[in-house]
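Inside the fold
Now for the letters of each chain:
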Amino acid sequence: MSSHHIVKEKQEPALYIDELGNFNEELLGQLLEWSPTLLVNGENYDKIFSLGLKVDVLVNGTAENVQEDTKIIQGPVDALMVAINYLYEEKYPAVNVIARKFDLEKFAGFEDQINLVIFTEKAKHYPIKSGFSVWKPAGSEFLIHGNRYLEVTNLMQTEEEIFVVVKDGFVEFTFSGQPIFISEPI
């Protein structure tokens, strides 16, 4: 990172690494580019430490071999819940999460509290509200989670939850009720 970039605290989404697995190193570098607050699941701390990354918050971990100035937070539930609740309480507006798999049950309910983007090895997953619109090239794919009635423009359903962009341009999702999660391949 260039030294002339100045980032205000909490301006960039925090980054929580729940489980790194075989996550793309280049994409990890992009997520770390603006020096976000970095939270790490205690079970993955050694791996993250070995990459030379400065961990700001260790979640459900122990104080052995922890970097100086690393805050340790503990909770009665799994580390993901502890991390997101911590960020919400600290008034972070957004978080990027790296996880081995996307579990809709784990993330449902947080979408009104904090802006979430969940990255796995092959996709990014995020909640949208009705009226969400984005420009995409033809052939782009979306996976829409859950069996909900929704209207889409410029999308064609190819499989149960998979939709493909018909032509270059905007796609729009319209539905009633709570936000839904969609996924895009990365």
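Structure's up top.
Below: a short report on this structure.

Calculation notes
- Residues numbered from 1 in each chain as written.
- Predicted model: local features only at pLDDT ≥ 70, side-chain atom pairs only at ≥ 80, totals over all residues.
- Heavy atoms only, no water.
- Phe/Tyr/Trp six-rings, centres within 6.5 Å; stacked < 30°, edge-to-face > 60°.
- Helix = DSSP H or I, 4+ residues; strand = E, 2+ residues; numbered from the N terminus.
- Buried < 20%, exposed > 50% of the residue type's maximum accessible area, 1.4 Å probe, protein only.
- Core = buried A, V, L, I, M, F, W, Y, C linked by side-chain atoms within 4.5 Å.
- Contact = heavy atoms within 4.5 Å.
- Pairing = 2+ DSSP bridges.
- Axes fitted to C-alpha atoms, helices over the stretch in contact; angles between N-to-C directions.
- Polar contact = N/O pair within 3.5 Å; in protein donor to acceptor, adjacent residues only side chain to side chain.

What follows concerns the packing of aromatic side chains. Inspection of every chain in the model, using the stated rule, returns seven aromatic pairs. Note on Phe-132 and Phe-173: the rings are 6.1 Å apart at their centroids and 35° apart in plane angle, and the pair reads as tilted. Of this pair, Phe-132 sits in strand E8 (residues 132-136) while Phe-173 sits in strand E13 (residues 169-174), placing them 41 residues apart in sequence. On the basis of relative accessibility, which here comes to 24%, the residue Phe-132 falls in the partly exposed class. Residue classification places Phe-173 among the buried positions, given a relative accessible area of 0%.

A separate point is the nonpolar core. Proteins that are soluble and globular tend to have nonpolar side chains buried together. Membership of the largest hydrophobic core comes to 25 residues, with the highest contact counts inside it found for Tyr-16, Leu-39, Val-59, Val-97, Phe-107 and Leu-116. Elements supplying a minimum of two residues to this core: strand E1 (14-17), strand E3 (57-59), helix H3 (79-89), strand E5 (94-98) and strand E6 (115-119). Here the element with the most residues in this core is H3; it accounts for eight residues. Ignoring anything within four residues of it in the chain, the contact list for Val-59 reads Tyr-16, Leu-39, Val-40, Asn-41, Gly-42, Ile-73, Ala-79, Val-82 and Ala-83. In this structure, Leu-15, Leu-20, Leu-27 and Leu-28 belong to the second largest nonpolar core, which totals 17 residues.

The next thing to look at is the environment of Glu-172. Locating Glu-172 in the fold gives a position in strand E13. Excluding anything up to four places from it in sequence, Glu-172 contacts Gly-131, Phe-132, Ser-133, Glu-151, Val-152 and Thr-153.

Glancing now at the sheet that holds strand E10 (residues 151-153). With antiparallel pairing, three strands are arranged side by side in an open sheet as E8-E13-E10. Each end of this open sheet is capped by a strand with a single partner; those strands are E8 and E10. With strand direction ignored, the average angle separating the axes of adjacent strands in the sheet is 15°. Summarising the sheet, E10 and E13 pair through three bridges and their orientation is antiparallel. Within E13, the residue paired with Glu-151 across the bridge is Thr-174.

Another aspect to go through is the sheet that holds strand E7 (residues 123-128). Pairing between sheet strands relies on hydrogen bonds along the backbone, with the strands arranged either parallel or antiparallel. Across the sheet, which stays open at both edges, the eleven strands sit in the order E4-E3-E2-E1-E5-E6-E7-E14-E9-E12-E11 with mixed pairing between neighbours. Both edges of this open sheet fall to strand E4 (71-73) and strand E11 (155-157), since each of them pairs with a single strand only. Taken pair by pair, the neighbouring strands of this sheet meet at an average axis angle of 25°, ignoring direction. Of the pairings in the sheet, the one linking E1 to strand E2 (residues 38-41) comprises three bridges and is parallel in character. For Ile-17, the partnering residue across the bridge sits in E2 and is Val-40. Seen against the sheet, helix H1 (residues 25-32) touches E1, E2, E5 and E6 and runs at an angle of roughly 145° to E1.

Positionally, Lys-136 belongs in strand E8. Of the polar contacts made by the side chain of Lys-136, one reaches the side chain of Glu-184; its length is 2.5 Å. Leaving out residues up to four positions away in the same chain, Lys-136 has contacts with Phe-142, Val-165, Lys-167, Asp-168, Gly-169 and Glu-184.

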